[in-house]
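# Reading the structure
So you can see what is in the structure, the chains are spelled out below.
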Amino acid sequence: MASVRDLLRAGPDGSPLLPRIDPLGHPGIGGRRDAIRELEAAALRLASLQDRLYAEHTRAVLVVLQGMDTSGKSGAVKHVFRGVNPAGLSVTAFKQPTEEERAHHFLWRIEQHLPGQGHIAIFDRSHYEDVIVVRVHGLVPEEEWRGRYEEIVEFERRVAAGGTAVVKVYLHLSFEEQRRRLLARLEDPDKHWKFNEADIQERARWPEYMAAYEDAIARCHTDESPWYIVPADRKWYRNWAVERLVVETLEDLDPHYPRPPLDVEALQARLAPPN
Ligand code: AMP
Ligand code: MG
């Protein structure tokens, strides 16, 4: 099977990347039916790999999910990790920084949620907001956010060098599909809690967001910490692709159950019932 990481890896060459990728595309899989069937098998595979990662307790995985509102970041978390032992998983949704967070370096709050040995951490939004929403809204001066690309590259290099595999995913949603999803939220009263009027204002800045994503992906795409662009207009594709990216990353790590030198016979003898 072709590596989905190779199919979806961002290949920045100086020219705009996102307009070349179809949000309706489905590289690597024929269609919905196949994707849903494969997702089941991959979920089992992921559970078993995560079990070994946890037991091995030396490496870790960080999954960074970025994308516009309604692109399916939380949906991907729900579907991709549903079979994984929650004890080895953490999910952090990064919102607008609190006052305390704003008083620190932008990476301060991020560091606190990095995965410990044996763990998988998922970031629903991340330090990339500090070069995306912050840039679109001019929340800090340009020279400051421009300097952050290099800081992010350095930071991620350090994380990777410490034994954490970093998987960065941009969920590539179309402007039109976002409109449909926002309308769908309005049509279903059970989804009204998800509706945020501010999303409509953000949507009006779509071109600025795309420019900010384009730069963030191009400038922070490294061998140790590559970006993957997942077409996200179809939920079945998004789920399938994110699952595959995570499974391939774990297969590369190939974690093993530790084999401590136990004297099994002696221990069994000590557990023998009293007679
Ligand atoms: P949501 O993910 O829809 O719940 O919204 C979270 C909001 O927090 C989004 O509008 C983000 O852009 C915003 N946010 C996340 N990180 C930052 C940040 N570092 N600075 C400003 N806004 C942020
Ligand atoms: Mg939102």
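Preceding block: the structure.
Predicted model, so just to flag it, every value in this text is computed and none were measured.

### Side note on the overall build of the protein
- Within the protein, the secondary structure is distributed over 12 helices and 5 strands.
- Here the C-alpha atoms of the protein give a radius of gyration of 21 Å, agreeing with the 19 Å that 2.2 N^0.38 yields for 275 residues.
- Counting only C-alpha atoms, the protein reaches 80 × 45 × 40 Å along its principal axes.
- Counting every position in the protein, which comprises 275 residues, the buried fraction comes to 47%.
- Put simply, 82% of the contacts in the protein that link residues at least 6 apart link residues at least 24 apart.
- Carbon and sulfur atoms provide 52% of the accessible area of the protein, an area that totals close to 14,400 Å².
- A distance of 5 Å separates the average location of the 37 positive side-chain charges in the protein from that of its 44 negative side-chain charges.

### Things to note about the side chain of E248
- Within the secondary structure, E248 is located in helix α11 (residues 235–253).
- What makes E248 buried here is its relative accessible area of 6%.
- With near-sequence residues (within four places) excluded, E248 lies in contact with A2, S3, V4 and R5.

### Observations concerning the environment of V63
- Of note, V63 is situated in strand β1 (residues 60–67).
- Each C-alpha atom of the pair V63 and L183 lies 29 Å from the other, and the pair is 120 residues apart in sequence.
- Setting aside its immediate chain neighbours within four residues, V63 contacts F81, I120, A121, I122, F123, V167 and V246.

### Considering helix α10 (residues 206–219)
- When the terminal C-alpha atoms of α10 are compared, their 20 Å separation across 14 residues agrees well with the 20 Å that a helix rising 1.5 Å per residue should span.
- For α10, the full list of buried residues reads W206, Y209, M210, A212, Y213, E214, A216 and I217.

### Thoughts on the pattern of salt bridges
- Within this structure, the stated rule accounts for 26 salt bridges.
- Note that E101 is salt-bridged to R109, the shortest N-O span being 3.3 Å.
- Of the residues examined, E101 reaches a relative accessible area of 21% and is grouped as partly exposed.
- Between E248 and R244 there is a salt bridge, and its shortest N-O distance comes to 2.9 Å. Taken together, the residues E248 and R244, both in helix α11 and 4 residues apart, mark about one turn of the helix.
- Beyond isolated ion pairs, a larger network of salt bridges with shared partners links R5, E38, R244, E248 and D252.

### Considering helix α3 (residues 73–80)
- K73, G75, A76, V77 and V80 are the residues of α3 that are buried.
- Residues of α3 that are buried in the fold lie against α2 (32–56), β1, β2 (89–93), β3 (120–124), β4 (164–172) and α11.

### A word on the site of ligand 1
- Taken together, the residues surrounding ligand 1 are D69, F94, K95, Q96, P97, R109, R125, E129, D130, V133, V134 and L139.
- Contacts to ligand 1 include D69, whose side-chain N or O atom sits 3.5 Å from an oxygen atom.
- Taking Q96, its main chain carries an N or O atom lying 3.2 Å from an oxygen atom of ligand 1.
- Relative to its unbound accessible area of 500 Å², ligand 1 is 77% covered by the protein chains.
- By residue class, the composition of the shell around ligand 1 is 5 nonpolar, 1 polar and 6 charged.

### Quick word on unusual backbone geometry
- Residues other than glycine seldom take positive phi values, yet R125 does so here, at roughly 70 degrees.
- If you trace the backbone, R125 turns up in the loop between β3 and α6 (133–136).
- Even without being a glycine, D254 presents a positive backbone phi close to 50 degrees.
- Checked against the element boundaries, D254 lands in the loop between α11 and α12 (264–270).
- The exposure class assigned to D254 is partly exposed, which follows from its relative accessible area of 38%.

### Some details on the sheet that holds β1
- Strand order in the open sheet formed by 5 strands is β2-β3-β1-β4-β5, with parallel pairing between adjacent strands. Sheet topology places β2 and β5 (227–231) at the edges, where each strand pairs with a single neighbour. The sheet shows a mean angle of 20 degrees between the axes of neighbouring strands, taken without regard to direction.

### With respect to the nonpolar core
- Ranked by size, the top nonpolar core spans 36 residues in total, and within it Y128, I132 and Y170 carry the most contacts.
- Broken down by secondary-structure element, the contributors of at least two residues to this core are β1, β3, α6, α7 (142–161), β4, α10 and β5.
- The element best represented in this core is α10, accounting for 7 residues.
- Apart from the residues lying within four places of it in its own chain, the contact partners of Y170 are L18, Q66, G67, M68, M210, Y213, I217, W227, Y228, I229 and V230.
- Listed in part, the 34 residues of the second largest apolar core include L49, V77, V169 and Y237.

Definitions and limits used
- Residues numbered from 1 in each chain as written.
- Chains lettered and ligands numbered in written order.
- Predicted model: local features only at pLDDT ≥ 70, side-chain atom pairs only at ≥ 80, totals over all residues.
- Heavy atoms only, no water.
- Helix = DSSP H or I, 4+ residues; strand = E, 2+ residues; numbered from the N terminus.
- Rg over C-alpha atoms; globule rule 2.2 N^0.38 Å.
- Buried < 20%, exposed > 50% of the residue type's maximum accessible area, 1.4 Å probe, protein only.
- Contact = heavy atoms within 4.5 Å.
- Areas by Shrake-Rupley, 256 points an atom, 1.4 Å probe, with all protein chains shown as cover.
- Lys, Arg positive; Asp, Glu negative; His and termini not counted.
- Charge placed at Lys NZ, Arg CZ, Asp CG, Glu CD.
- Expected span 1.5 Å × (residues − 1).
- Salt bridge = Lys/Arg side-chain N within 4 Å of Asp/Glu carboxyl O.
- Near = heavy atom within 4 Å.
- Polar contact = N/O pair within 3.5 Å; in protein donor to acceptor, adjacent residues only side chain to side chain.
- Nonpolar A, V, L, I, M, F, W, Y, C, P; charged D, E, K, R; others polar.
- Pairing = 2+ DSSP bridges.
- Axes fitted to C-alpha atoms, helices over the stretch in contact; angles between N-to-C directions.
- Core = buried A, V, L, I, M, F, W, Y, C linked by side-chain atoms within 4.5 Å.

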